[in-house]
Amino acid sequence: MGTMTIKGKEMRSVDVDWNEFYYTNCPLVSPSNIDQEIGWVKEEFKKMDIAYKFLRSTTENDWYPHYVHNLDNLMRYGGCFPAIHVQADVRRTRLIGTTHVYEGGCMLVRSRDPIYRMKDLKGKKIGITRSLNIIKNDWWRCQEEQGIELMLMMNDMTRDDVEMVDFPYPDDWYDKPEMLTPMENPSELWLKRDHKHDLAFRPLEKALLDGTVDAIYTQSKVFQHIQEQTSKIKAIENLANYPDWTLQGANVPATCTVSDVACEEHPEMVVALLKGLIKVGRWTNQHKHAAAAILDKQTYYLDVEDTYRGIKDVDMVPNLSPYNLEALQINKDFMLSHGYIENDFDVFEWAAPEFMEQAAAELLEEEWKKRSSAVLPEATSLEESMKGRIG
């Protein structure tokens, strides 16, 4: 069994076998979350006789690799704070893709309270969670703290104007035996749980409603619309309404990361992975309503239509654009300045665009051969076709 020691704790995972490759997804907007239902990445790996599996398809893997990437043959597509923490403090990975959603976060209060603006919160209590788990990144508190500080700043306020109330919790379920029942697909996690209405995923809501605090942070659109529909809660500020894209850092852009070992020893697997994700992303961009029905099973939008509205302007093809990389750099700098990571690094150097370039080139070549075989006497390569004389 593979092992890695983090802060004195021996992690567990399967022994690395390069005849198989694992994936893990956060419940958010990404092409991999679509692919877990349609399986186009799995098809790319099958061409190479490699099994593509969900991280938790075996009892030998607990949930920790999703947060600390203690498995060489693993791809993680998910929120950026854990991925940044891994690259800074745990192990070397490579960033091979991103997906950005313009959602900065909201400030929620009780709907019937006479609180209508951020300035009405002066002297009042804002709740914030605190994980007691020292192994993984406290990504939820990180996004809460970042969002709260930004909303205060945009309203000419500081933390000194409010009282921040900590809500510590054990956050220790990741390797408990009762949580390790194998599952073939991440969506199986929700078959027995109504995740859109389970307050375990909105732990501060009770404290707000019973008056322990006066306000709490939540994510824009996801969570927000579900919470507002209870009629008991309203938003008085929403960072997603500002034109300034640098305010939209609520654990996004989502990051697609693989280990440096996979990149160095099996670059062909990384390319195959991206070929599948690019195809899924292109399909999703053309079929947003169908994609919304898939994502609604996993995410925290209100329903399918709300999911569609949330993703209709999102480019679902993974990319490494300067815009997305700088957004990650902003989030990394916040984490460093607030003690969520110990070591600094350059996000632009973390990015590995060569794998996406190769994947895109191979897809273009495959598409040319497919189309040319249908209209020409003999299929040619794209390179050969460009050498032909005309006239």
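Quick note: structure is the one above.
Residues numbered from 1 in each chain as written. Predicted model: local features only at pLDDT ≥ 70, side-chain atom pairs only at ≥ 80, totals over all residues. Heavy atoms only, no water.

Trainee: I'm lost on the environment of Ile233 in this one. Help?
Mentor: Within the secondary structure, Ile233 is located in strand S11 (residues 233-238). Owing to a relative accessible area of 3%, Ile233 belongs among the buried residues under this scheme. Taking the C-alpha atoms as reference, Ile233 lies 9.0 Å from Glu205; in sequence the two are 28 residues apart. Beyond its immediate stretch of four places on either side in the chain, Ile233 contacts Leu108, Val109, Ser111, Glu205, Leu208, Leu209, Gln227 and Glu228. (Helix = DSSP H or I, 4+ residues; strand = E, 2+ residues; numbered from the N terminus. Buried < 20%, exposed > 50% of the residue type's maximum accessible area, 1.4 Å probe, protein only. Contact = heavy atoms within 4.5 Å.)

Trainee: Is there a simple way to explain the sheet that holds strand S10 (residues 215-218) in this structure?
Mentor: Hydrogen bonds along the backbone pair up the strands of a sheet, which may run parallel or antiparallel. In space, the 5 strands of this open sheet follow the order S9-S8-S10-S7-S11, with mixed pairing throughout. This sheet does not close on itself; its edge strands, each paired only once, are strand S9 (163-169) and S11. Within the sheet, the average angular offset between the axes of one strand and its neighbour, ignoring direction, is 40 degrees. In terms of strand pairing, strand S8 (residues 125-131) meets S10 through 2 bridges, oriented parallel. Of the residues in S10, the one forming a bridge with Ile126 is Ala215. (Pairing = 2+ DSSP bridges. Axes fitted to C-alpha atoms, helices over the stretch in contact; angles between N-to-C directions.)

Trainee: Just checking my understanding: could you explain helix H14 (residues 353-375) for this structure?
Mentor: For an α-helix, 3.6 residues make a turn, and residues three or four places apart therefore share a direction. The terminal C-alpha atoms of H14 lie 33 Å apart, and with 23 residues this matches the ideal 33 Å at 1.5 Å per residue to within 8%. All buried positions along H14 are accounted for by Phe355, Met356, Ala359, Leu363 and Ser372. Buried residues in H14 make contact with strand S6 (93-99), helix H8 (260-265) and helix H9 (267-286). (Expected span 1.5 Å × (residues − 1).)

Trainee: Teacher, can you tell me more about the pattern of salt bridges here?
Mentor: Should their charged atoms come close, side chains of opposite charge can pair. Counting across every chain of the model gives 27 salt bridges. When the shortest N-O distance is used, the salt bridge between Glu44 and Lys275 registers 3.8 Å. Here Glu44 is found in helix H2 (residues 40-46), whereas its partner Lys275 is found in helix H9, with 231 residues between them in sequence. We classify Glu44 as buried; its relative accessible area is 3%. Classification of Lys275 by relative accessible area gives buried; the value is 6%. Beyond isolated ion pairs, a larger network of salt bridges with shared partners links Glu44, Lys47, Lys275, Lys279, Glu362 and Glu366. (Salt bridge = Lys/Arg side-chain N within 4 Å of Asp/Glu carboxyl O.)

Trainee: Please explain the side chain of Asp296 as it appears in this structure.
Mentor: Within the secondary structure layout, Asp296 lies in helix H10 (residues 288-296). Asp296 gets classed as buried once you look at its relative accessible area, which sits at 16%. Within the structure, Asp296 has its side chain in polar contact with the side chain of Lys196 (distance 3.1 Å). If near-sequence neighbours (up to four positions away) are discounted, Asp296 is found in contact with His195, Lys196, Tyr301, Asp303, Val304 and Thr307. (Polar contact = N/O pair within 3.5 Å; in protein donor to acceptor, adjacent residues only side chain to side chain.)

Trainee: I would appreciate a short explanation of the sheet that holds strand S4 (residues 51-54) in the present structure.
Mentor: The strand order S4-S3-S5-S12-S6 describes an open sheet built from 5 strands, whose pairing is mixed. A single partner strand is all that each edge strand has here, and the edge strands are S4 and S6. Taking each pair of neighbouring strands and ignoring which way they run, the sheet shows an average axis angle of 20 degrees. As defined by bridge partners, strand S5 (residues 74-78) adjoins strand S12 (residues 254-259) across 4 bridges and the pair is classed as antiparallel. Residue pairing across strands places Arg76 opposite Thr257, the latter belonging to S12. Its contacts with the sheet place helix H12 (residues 322-337) against S6 and S12, and it is angled at close to 115 degrees to S6.

Trainee: Looking at this model, I keep getting lost on the packing of helix H4 (residues 80-90) against H12. Mind explaining?
Mentor: Any two packed helices are characterised by how steeply their axes cross, that is the angle between the axes, and by the distance between the axes. Closest axis-to-axis distance for the H4/H12 pair is 10 Å, and the angle between their directions is 70 degrees. Taken together, H4 and H12 sit at an angle that is classed as roughly perpendicular. The handedness of the crossing between H4 and H12 is right-handed. Residues Cys80, Phe81, Ile84 and His85 of H4 form the contact with H12, whose participating residues are Leu328, Asn331, Lys332 and Met335. (Parallel < 35°, antiparallel > 145°, perpendicular 65-115°, else oblique. Left-handed = near helix turned anticlockwise from the far one by under 90°.)

Trainee: What exactly am I supposed to notice about the side chain of His195 here?
Mentor: Here His195 shows up in the loop between S9 and helix H6 (205-209). Within the structure, His195 has its side chain in polar contact with the backbone oxygen of Thr299 (distance 3.0 Å). Residues in contact with His195, not counting those within four places in the same chain, are Trp190, Phe201, Asp296, Lys297, Gln298, Thr299 and Tyr300.

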